[in-house]
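# Fold and geometry: a report
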Amino acid sequence: MHRYYRTCCIKTAEVQRIFYLFFVTFSFFPAPYEVHRFFTLLPLISYILCLYLFLLPTPYSLIPTPYSLLPTPYSLFPIPCSLYYMTNDFDAIIIGSGAGGGTVALALAKAGKQVLLVERGSRFIDSEPYQDEQRMLIDMAAFDDRTIEVNGRNTRLFIGGILGGGTSLYGGVLMRPSRNDFHPGKYYSEWLPRHLWDWPITYDQLSPYFDQAESLFHVAGDDPKKIIHVETPAHSYPAKTPPLEPINQKLERGIEKAGFTPFHLPLGIDFNRCLRCPKCPGYYCPNDSRASTLVCAIDGAVRNYHLQLKTNTEAECLVTNAQGKVVGVKLRWRDTGTIETIKAKTYIIAAGAIGSPVILIKSGLTGRSGQVGRNYMYHCGALAAGLFSQPTGGADTFIKQLGFTDLYFGSGDFPHKLGYSQTVPIPGHLSIQENLPVPIPDAIAKFLLKRILAMTGFVEDLPQAENRVEVTNTGAIRLVHKFHPYDIYRSRYYMRQLKKVMRHAGVVFMFGATGDKDDRHTAHQVGTTRFGTDPKTSVLDPYCRLHDHDNVFVVDGGFMPTSLGVSPALTIVANALRVADYIKETC
């Protein structure tokens, strides 16, 4: 029925345009007044009919401006020119606007492709309310609003749920991995099957795209020579970092006394505009100085390259024809509940390591490997928090500045691969109250907030088939995850090393935790649609295309066979640029 209305509206618009052309033509020739009046009234009648059809509950919010290029005295009821494109294919439909989706949308739109970007969440207009800890981290106002069954209990996860995806809420650390991360068999031959010992691409193949990604996100960084064991730009980062805050100068000395090499974290933050908010990760940036796909890619692509954007719209599933070829995507407008199937030449899924396998499973596109939704990873972290005798400044200004990578591949007394370490801000006194085992008054929580500083270390967790995303018979999402004992073993070692740093920095009291204690903070989620060369062991081919469907790609963190020792954000952006180049050449 809705498709019938849409067709009627398109036909009416065509009739209106014909009437209008007649009107313009006759206006230039002498004719009786009655003739002019006749051809003036016809387009007005057509406009009224179109307006009536627009008021029907159909998803015309997909249709963007611009309006008619011809000037008209009846512009009170304009008909969008792009209404005609509703019956034609897009070159590409992209599902998800995070690090992968937003990046590939810009690349394809800039290349002249007709692109539709679909985002389940909404755009934040007023950022001020979202600096509120209660709304952001307790009520989770900007995070994914779906309730997910996690290890047998229903909860919500801390994954981005707004336009820009996780990049609109992340901490901004954008680091390259080690070239050896692409050959995990060097470190995990005892734990990984032979086909996972090497990624299907090398670091050198991705290296030029890391350059592009750092430029796109305006990464501010330290002298690359200070950052050991991982890859860095050949010369320098696109932007400079500000001086260290006093507490970080103290922590820097503590890192050095512990035998490690501190450096200023590479951050996707424009420090010329940054307000130095003490609350950064998990909060929406009040002036867009933190790089996100929304700031760096999407808005520019809409403004300059005709990217069509639809928010608050959920992709239900991909649609296949009798031959099994994907020929459409079923979209649900969340504000009205209306469902419509839109067609394109190419379909690019970037809904995250949970959302993307859910779409594939609902679509029946699970391939031959049995790996769709499996191997869910999100880093087994370690945390050490120290209490200083005097305020650190962390409650008043931005202090997420320092990191070190000395333990990336372990140490002489601990020959096990780990990952990088960084300082992290304490998000607020409510978070302290929520995470302590006993209730404490606000005054004590605020006292602690002013004096606590924390560091976290990231452990590259192992892919395990039993860690998986599933869809129940009712359509609900189920997540099963448990860290491997080897992950926890390494996390505990890292925690001890971070405590040593804190001790050298002069804390009066400290405590630590390992990543296995938390299954809700899953910011670095990867692995559920891994790429490879064999359709029997991988979901995607080396260009992140479904093995059995040549017009479907996945460009979020799900493509990664292992989780790396750094945040995956920059790698996801670089890979999306690589895949975009392939799509531009072949699709």
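## Looking at the pattern of salt bridges
Applying the stated criterion across every chain yields a total of 26 salt bridges. The residue lysine 325 makes a salt bridge to aspartate 550 at a minimum N-O spacing of 3.7 Å. Here aspartate 550 lies in the loop between strand 19 (509-514) and strand 20 (552-554) and lysine 325 lies in the loop between strand 9 (313-320) and strand 10 (326-333), a separation of 225 residues in the sequence. Lysine 325 sits in the partly exposed class, given a relative accessible area of 40%. Salt bridges here are not isolated pairs; linked through shared partners, they connect Arg120, Asp144, Asp145, Arg146, Glu314, Glu316, Arg332 and Arg334.

## Notes on the packing of helix 6 (residues 203-216) against helix 13 (residues 569-586)
Running from amino to carboxyl end, helix 6 crosses helix 13 at an angle of 115°, the nearest separation of the two axes being 8 Å. By the angle class used here, helix 6 and helix 13 are roughly perpendicular. In terms of crossing hand, the pair formed by helix 6 and helix 13 is right-handed. Counting all contacts with helix 6, which are made through Leu206, Tyr209, Phe210, Gln212, Ala213, Glu214 and Leu216, the residues of helix 13 involved are Leu570, Thr571, Val573, Ala574, Asn575, Leu577, Arg578 and Asp581.

## As for the pairing of strand 18 (residues 477-480)
Of the two faces of strand 18, the one holding Ile477 and Leu479 is buried and the one holding Arg478 and Val480 is not buried anywhere. Judged from the 2 bridges that link them, strand 3 (residues 148-150) and strand 18 form a sheet pairing that is parallel. Bridge pairing in strand 18 places glutamate 149 opposite arginine 478. Where strand 17 (residues 468-471) meets strand 18, 4 bridges bridge the pair, whose relative direction is antiparallel. Within strand 18, the residue paired with glutamate 470 across the bridge is arginine 478. Taking the residues that link successive antiparallel strands as the turn, the strand 17-strand 18 hairpin has 5 residues, and the phi of glycine 475 there is positive, at about 90°.

## Remarks on the packing of aromatic side chains
Aromatic ring pairs are defined here through the distance separating the ring centres and the angle between the ring planes. Counting across every chain of the model gives 20 aromatic pairs. Judged by centre distance (6.1 Å) and plane angle (65°), the ring pair of phenylalanine 271 and phenylalanine 398 falls under edge-to-face. Of this pair, phenylalanine 271 sits in the loop between strand 7 (263-264) and helix 8 (293-305) while phenylalanine 398 sits in the loop between strand 13 (380-387) and strand 14 (402-404), placing them 127 residues apart in sequence. Aromatic pair tyrosine 378 and phenylalanine 483: ring centres 5.2 Å apart, planes at 55°, arrangement tilted. In this pair, tyrosine 378 is assigned in the loop between helix 9 (352-363) and strand 13 and phenylalanine 483 in the loop between strand 18 and helix 12 (485-505), connecting sequence segments 105 residues apart. Residue phenylalanine 483 is classed as buried on the basis of its relative accessible area, which comes to 7%. Following the ring pairs from residue to residue traces out a cluster consisting of Phe182, Trp199, Tyr203, Phe210, Phe531 and Phe559.

Each value, and the rule that gives it
Residues numbered from 1 in each chain as written. Predicted model: local features only at pLDDT ≥ 70, side-chain atom pairs only at ≥ 80, totals over all residues. Heavy atoms only, no water. Salt bridge = Lys/Arg side-chain N within 4 Å of Asp/Glu carboxyl O. Helix = DSSP H or I, 4+ residues; strand = E, 2+ residues; numbered from the N terminus. Buried < 20%, exposed > 50% of the residue type's maximum accessible area, 1.4 Å probe, protein only. Axes fitted to C-alpha atoms, helices over the stretch in contact; angles between N-to-C directions. Parallel < 35°, antiparallel > 145°, perpendicular 65-115°, else oblique. Left-handed = near helix turned anticlockwise from the far one by under 90°. Contact = heavy atoms within 4.5 Å. Pairing = 2+ DSSP bridges. Phe/Tyr/Trp six-rings, centres within 6.5 Å; stacked < 30°, edge-to-face > 60°.

Spatial relationships are all this shows, so hold off on functional conclusions.
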